[in-house]
Amino acid sequence: MDRMYRYQRHIYDLTRKYYLFGRDTLIRNLDAPRRGSVLEVGCGTGRNMALIAKRFPNCRLYGLDISAEMLASAQAKLAGLGQKGATAPVLRVADATNFSSQQFGTDGFDRIVISYALSMIPDWEAAIDAAIGALKPGGSLHIADFGQQEGLPGFVGTGLKAWLARFHVTPRPDLLKVLRQRADSAGATLEFRSLGRGYAWLATYRRHA
């Protein structure tokens, strides 16, 4: 991953701006509690974390990514947040499929964000399980990723998936099914919506207090 992003990280945000729909919608609906904790799994360049900090300035921010190169960009982008009395974000190189809140010096997170990362993680179900395990009681997991283009002409979905495959990106058709299974087994609630006629899916898993 470091080889892939060593140079790409410098243009990553610009090149993803026009097709990673739903990220800003997710952030607007995050409803993070005052002085709460927010973790982004697969935080990349820190683009989303910067927007979360702007919208929820009193929150404590955490980020993990498997690429140290991407975290270098995130560190630079978020450096100013540690000034003027604000709490500096805590960033860690970590595996999304095998992490715990203790790695960040906390007993859990109020909000966890996974934005367009599950489609790049081979063992994506394990990443969901790790995130659920790191939630505080009453916390929520917020996911944005590619949908199945179910409301779009067939050639659009076929073309998009072929193009994404060139970048090792695989939309997860079973995402909703897996989240429902996890929610049902844990007595949690699940909210789901489709954007752009299925271009993107947004899901929120809420753990009971």
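Residues numbered from 1 in each chain as written. Predicted model: local features only at pLDDT ≥ 70, side-chain atom pairs only at ≥ 80, totals over all residues. Heavy atoms only, no water.

Trainee: I'd love a proper account of the packing of aromatic side chains, names of residues and values included.
Mentor: By the definition in use, this model includes seven aromatic pairs. For the ring pair Y62 and F104, a centre distance of 6.0 Å and an interplane angle of 90 degrees mean the geometry is edge-to-face. Of this pair, Y62 sits in strand β2 (residues 60-65) while F104 sits in the loop between β3 (90-93) and β4 (109-115), and the two are 42 residues apart along the sequence. Taken as a pair, Y62 and F104 share a single burial class, namely buried. Both rings, one in Y62 and one in F109, keep their centres 5.2 Å apart while their planes meet at 70 degrees; by these two values the pair is edge-to-face. Placement of Y62 in strand β2 and of F109 in strand β4 is noted, with a sequence separation of 47 residues between them. (Phe/Tyr/Trp six-rings, centres within 6.5 Å; stacked < 30°, edge-to-face > 60°. Helix = DSSP H or I, 4+ residues; strand = E, 2+ residues; numbered from the N terminus. Buried < 20%, exposed > 50% of the residue type's maximum accessible area, 1.4 Å probe, protein only.)

Trainee: Summarise the environment of I143; cite the residues concerned and give the values.
Mentor: By the element assignment, I143 lies in strand β5 (residues 135-146). Once residues lying within four places of it in the same chain are set aside, the contact partners of I143 are L26, I114, L118, L175, L179, W201, L202 and A203. (Contact = heavy atoms within 4.5 Å.)

Trainee: Requested: an account of the pattern of salt bridges, with residues and values cited.
Mentor: Scanning the entire structure with this criterion turns up five salt bridges. The partner of R182 in a salt bridge is E125, and the shortest N-O contact between them spans 3.3 Å. With R182 in helix α8 (residues 175-186) and E125 in helix α6 (residues 124-133), this residue pair connects regions lying 57 residues apart in the sequence. Its relative accessible area of 18% is what places R182 among the buried residues. Taking the relative accessible area as the measure of exposure, E125 reaches 31% and is therefore partly exposed. A salt bridge links R182 to D129; the shortest N-O distance between them is 2.6 Å. Here the residue R182 occupies a position in helix α8, and D129 occupies one in helix α6, the gap between them amounting to 53 residues. One network of salt bridges, with partners in common, ties together E125, D129 and R182. (Salt bridge = Lys/Arg side-chain N within 4 Å of Asp/Glu carboxyl O.)

Trainee: Give me the lowdown on the sheet that holds β4, citing residues and values where you can.
Mentor: Spatially, β3-β2-β1-β4-β5-β7-β6 is the arrangement adopted by the seven strands of the open sheet, whose pairing is mixed. Each having just a single partner strand, β3 and β6 (189-195) make up the two edges of the open sheet. Ignoring which end each strand starts from, the neighbouring axes of this sheet average 15 degrees apart. As defined by bridge partners, strand β1 (residues 37-41) adjoins β4 across four bridges and the pair is classed as parallel. Across the sheet, residue V38 finds its bridge partner in β4, namely R111. Seen against the sheet, helix α4 (residues 47-55) touches β1, β2, β3 and β4 and runs at an angle of roughly 170 degrees to β2. (Pairing = 2+ DSSP bridges. Axes fitted to C-alpha atoms, helices over the stretch in contact; angles between N-to-C directions.)

Trainee: Describe the nonpolar core, with residues and values.
Mentor: Judged by nonpolar contacts, the single largest core of 32 residues is most densely connected at L39, I112 and L141. Those elements giving two or more residues to this core turn out to be β1, β2, β4, α6, β5, α8 and β7 (200-206). Filtering out sequence-adjacent residues up to four positions away, I112 remains in contact with L39, V41, A131, A134, L135, S140, L141 and H142. If you look at the next biggest cluster of nonpolar residues, it comprises 27 residues, including A32, V113, F146 and L195. (Core = buried A, V, L, I, M, F, W, Y, C linked by side-chain atoms within 4.5 Å.)

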